Every structure is written in structure tokens, then in C-alpha cells.
Amino acid sequence: MIAVVIGGGTMGAGVAHLLLAGGHEVVLVEAGADRAAAARRAVEASLAKASERGRLDGAPHELSRRLTVVERLDTQVGRGAALVVEAVPEDLELKRRVLGEAASACPDAVLASNTSSLSISALAEGLPGERVLGMHFFNPVPVQQLVELVHHAGVAADVVARVRGWAEELGKTVIEVRDAPGFATSRLGVAVGMEAIRMLEEGVASAEDIDTGMRLGYGWPMGPLRLTDLVGLDVRLAIASHLAAELGPRFEPPTLLREKVAAGHLGRKTGQGFFTW
Ligand SMILES: NC(=O)c1ccc[n+]([C@@H]2O[C@H](COP(=O)([O-])OP(=O)(O)OC[C@H]3O[C@@H](n4cnc5c(N)ncnc54)[C@H](O)[C@@H]3O)[C@@H](O)[C@H]2O)c1
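Residues numbered from 1 in each chain as written. Predicted model: local features only at pLDDT ≥ 70, side-chain atom pairs only at ≥ 80, totals over all residues. Heavy atoms only, no water.

The protein chain appears in an unreviewed UniProt entry as 3-hydroxybutyryl-CoA dehydrogenase from Saccharothrix carnea. Under the UniProt heading Sequence similarities (unreviewed entry), the note attached to the protein chain is "Belongs to the 3-hydroxyacyl-CoA dehydrogenase family." (UniProt positions renumbered as here; feature names shortened; annotations may be inferred.)

Caption draft 1: Fine view of the overall build of the protein chain. When you go through the protein chain residue by residue, the secondary structure sums to twelve helices and eight strands. For a compact globule of 277 residues, the expected C-alpha radius of gyration is about 19 Å, and the protein chain comes in at 20 Å, within 12% of that figure. Considering only C-alpha atoms, the protein chain reaches an extent of 60 × 45 × 35 Å along its principal axes. Counting over 277 residues, the protein chain shows a buried share of 46%. For the protein chain, contacts bridging at least 24 residues in sequence account for 64% of all contacts bridging at least 6. About 12900 Å² of surface is accessible on the protein chain, with carbon and sulfur atoms providing 52% of the total. Positive and negative charge centroids in the protein chain, built from 28 and 34 side chains respectively, lie 3 Å apart. (Helix = DSSP H or I, 4+ residues; strand = E, 2+ residues; numbered from the N terminus. Rg over C-alpha atoms; globule rule 2.2 N^0.38 Å. Buried < 20%, exposed > 50% of the residue type's maximum accessible area, 1.4 Å probe, protein only. Contact = heavy atoms within 4.5 Å. Areas by Shrake-Rupley, 256 points an atom, 1.4 Å probe, with all protein chains shown as cover. Lys, Arg positive; Asp, Glu negative; His and termini not counted. Charge placed at Lys NZ, Arg CZ, Asp CG, Glu CD.)

Caption draft 2: Here's a closer look at the side chain of His136. Along the chain, His136 falls in strand E6 (residues 132-136). A distance of 2.8 Å separates a polar atom in the side chain of His136 from a polar atom in the side chain of Glu148. Those residues within four positions of His136 in sequence are excluded, and the remaining contacts are Ser113, Asn114, Thr115, Ser116, Leu146, Val147, Glu148, Phe183, Thr185 and Ser186. (Polar contact = N/O pair within 3.5 Å; in protein donor to acceptor, adjacent residues only side chain to side chain.)

Caption draft 3: Inspection of the layout of surface pockets at higher detail. As a volume, the second largest pocket reaches approximately 580 Å³. Lining of the second largest pocket is provided by 26 residues; of these, His17, Ser46, Ala50, Pro142 and Val143 occupy positions nearest its centre. Sorting the residues of the lining of the second largest pocket by element identifies helix H1 (10-21) and helix H2 (33-52) as the ones contributing at least two each. A per-element tally of the lining of the second largest pocket places H1 first, with six residues. Its residues assigned to classes, the lining of the second largest pocket comprises twelve nonpolar, eight polar and six charged. (1 Å grid on protein atoms, 1.4 Å probe; cavity = no way out; pocket = protein on both sides within 12 Å on 5 of 7 lines; lining within 4 Å. Points joined across faces, edges and corners; volume = space filled by probe spheres on them. Nonpolar A, V, L, I, M, F, W, Y, C, P; charged D, E, K, R; others polar.)

Caption draft 4: Structural context of the sheet that holds E6. Reading across the sheet, the eight strands line up as E3-E2-E1-E4-E5-E6-E7-E8 and stay open at both edges, with mixed pairing between neighbours. What marks the edges here is a single partner per strand, and that holds for strand E3 (67-70) and strand E8 (173-178). Going across the sheet, the axis of each strand differs from the next one's by a mean of 25°, ignoring polarity. Relative to strand E7 (residues 146-151), E6 runs antiparallel, the two sharing three bridges. Across the sheet, residue His136 finds its bridge partner in E7, namely Glu148. The sheet strands contacting H1 are strand E1 (2-6), strand E2 (25-29), E3 and strand E4 (81-86), and the helix crosses E1 at an angle near 170°. Where H2 meets the sheet, it contacts E2 and E3, and its direction lies at approximately 155° from that of E3. (Pairing = 2+ DSSP bridges. Axes fitted to C-alpha atoms, helices over the stretch in contact; angles between N-to-C directions.)

Caption draft 5: Summary view of the domain arrangement of the protein chain. The assigned domain composition of the protein chain is domain 1 (2-178) and domain 2 (186-262). Here the C-alpha centre of domain 2 lies 29 Å away from the C-alpha centre of domain 1. (Domains from an automatic or database assignment.)

Caption draft 6: Structural context of the packing of helix H8 (residues 185-201) against helix H11 (residues 233-247). Orientation of H8 relative to H11, taken along the N-to-C sense of each, is 105°, at an axis distance of 10 Å. The angle between H8 and H11 falls in the class roughly perpendicular. Mapping the contact onto sequence places Ser186, Arg187, Gly189, Val190, Gly193 and Met194 in H8 and Arg236, Ile239, Ala240, Leu243 and Leu247 in H11. Here the contact of H8 with H11 is built from residues that sort into six nonpolar, three polar and two charged. (Parallel < 35°, antiparallel > 145°, perpendicular 65-115°, else oblique.)

Caption draft 7: Representation of the environment of Met135. Looking at where Met135 falls in the secondary structure, it is placed in strand E6. Considering only alpha carbons, one finds Met135 and Glu176, 41 residues apart in sequence, at a separation of 9.7 Å. Not counting chain neighbours up to four residues away, the residues in contact with Met135 comprise Val85, Ala112, Ser113, Asn114, Val147, Glu148, Leu149, Val163 and Ala167.

Caption draft 8: Looking closely at the pattern of salt bridges. Following the criterion strictly, the structure yields twelve salt bridges and no others. Across the salt bridge formed by Glu168 and Arg164, the nearest N and O atoms sit 2.9 Å from each other. You can see Glu168 and its partner Arg164 sitting in helix H7 (residues 157-169), four residues apart, about one turn around the helix. In this structure Arg164 comes out as partly exposed when scored by relative accessible area, which is 27%. A salt bridge links Arg164 to Glu176; the nearest nitrogen and oxygen atoms lie 3.1 Å apart. Of this pair, Arg164 sits in helix H7 while Glu176 sits in strand E8; the two residues are twelve residues apart in sequence, bridging distant segments of the chain. For Glu176, a relative accessible area of 39% gives the class partly exposed. Here the salt bridges share partners, and the residues they tie into one network are Glu86, Glu90 and Lys95. (Salt bridge = Lys/Arg side-chain N within 4 Å of Asp/Glu carboxyl O.)

Shown next, in the form of C-alpha cells:
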């Protein structure tokens, strides 16, 4: 199939890699010549790394022959596309605009958004809603096994089935979730993360011991505080605030989290979060 990926940052480059490895033609849309060139380099580097690790069938340069990078999506490029995956920054208006352009440029394509928190019903407003759904990948896309499919009331059942089929062919495991704040993954992940921070605040146990408890007692690959450090404390604060507004005070971010963000301790990216990196 021909797939269009809009946005060639962390997630878009990963989705492009995944689709190329799965044998598809990929049109990657990035805003501006410099960013388009950087996006191509990111996809090629990602394919090369997977190949070095023995995780890619076929030579990277052969796969990247099926990659076209463009700065604008129009009917000439988009006609014939079966799937559009939007991976531009988490901004409702921006996403609606690019999905609207994709709806006209790709008249036969499913319009999937990789949003991690925005309402799919709100995104679908004013668009051909029967073709719109959430297709939530995880970072790094070629490695993480999960795809969370998010449907709103107006999506066509055959569209959901088609996207599930593609994701499974690409080796992913699919969960289906109704459009609700935080979907399934962010909602539960943030709930545990916030509780772990509250426990630290109350002196129940050290950060190290809270994490070790979940790793060794519950088989988590990493504890909730270390995971918060990896995601970024600012990112988690924004999601928790959004969930508190939508779902109620049980998601209210703890004071300790606000203080750390205010102090610039954002986790791994700044060298300091709940742990020192
Ligand atoms: N990073 C993660 O771990 C993660 C995980 C799951 C979902 N997401 C979601 O995926 C989406 C993208 O996140 P990301 O981390 O890849 O962001 P990013 O900032 O790395 O990439 C976004 C890219 O979109 C490009 N862009 C901006 N406007 C554009 C336009 N009009 N047309 C084409 N390209 C445009 C930017 O130049 C940038 O390269 C967000 O909705 C985010 O919430 C992120």
C-alpha cells in the first residue's frame, strides 16, 4: 500500500521506518526543506541501526528507495494512499488542519492520528469522521509492540478492521479503546505514576525502593518513577493536569511533581528527576 506519514520527528520517522520494513511505499511530509532532509536522515539512520542489530529484513538502502519525502501534501502525492498517519506536535488546531488537508489530498485513505492525549471526536469534527481514528504508537515505534486503536462514535467499523489488519501485519499487538481522556495506556500509566510520587512525598519509601517494589513484585520492566524520568516530568505534569480537568481530582498532580518541574528537574533530559542521570 501507499502510506502517508505527516511529521517526521521522533514518532513520524519511526512510523515511516516500520511501514518501509513492512514492504509499503511511504510518503513522508515535513514542513520546510531542512526539516524534510533531517527527517530522511532520521529514517535512514533508524533503518541502518535496525539492520546492524539484525532486526531488519532487506538492505536499508533498498527499503529507503520506497521512501519519498515531500514538503507539501497534494493530490498528486496523496492520490492512491490507503493510510495517513499524522504525527505532528500535540496541538489540536495544527492536527485538525493537517488532517483536513490530508482528507482532500488522499480521498481514499484512512486518517489516523498518533495523538497521545487529544480527543479523537474533537479531531474528527469537520472531517470525514467515518475515516478518522486514533492509531497510538509507542516510542521507539519499530521496537515497541503495542498499537492502541482509539475509536470515536462516527468511525466506520471496516476502517477500524482495516487498520487493525495493517498493524498486525506489521507485527504489532492491537488494543481497542473508546475515545476517552488518556485512552487506556496514558490514563493507567499516569495514575500509577502520580500515586508513586505521592508515596515518595509522604515518605512511604525511597524512590529506589518504590521502583524496585514494582519491578520485582509485579514484574514491571522499570519502576513508575524511573519511567516518569524517561518520559519527562513536564510531559507527565501536562498529561496529569489534562486528566484532572477531564476526569476529576484523582489525577491532580502532586506538589512534589510541580516543584520539580518548576526547578527544571525534568528527568533524564536535564540529568535530574526522581533519580540522577
Ligand atoms: N514522543 C513520544 O514518545 C510519543 C509517543 C506516542 C505519541 N506521541 C505523539 O506523537 C505526535 C508527535 O510527537 P513527536 O514526539 O514525534 O514530536 P516531534 O516534535 O519529534 O515531531 C513532530 C514533527 O512534526 C513536524 N511538523 C510540524 N508541523 C508540521 C506540518 N504542518 N506538516 C508536516 N510536519 C510538521 C515537525 O517539524 C516535527 O519534525 C504527538 O501528537 C505526540 O503526542 C509521542
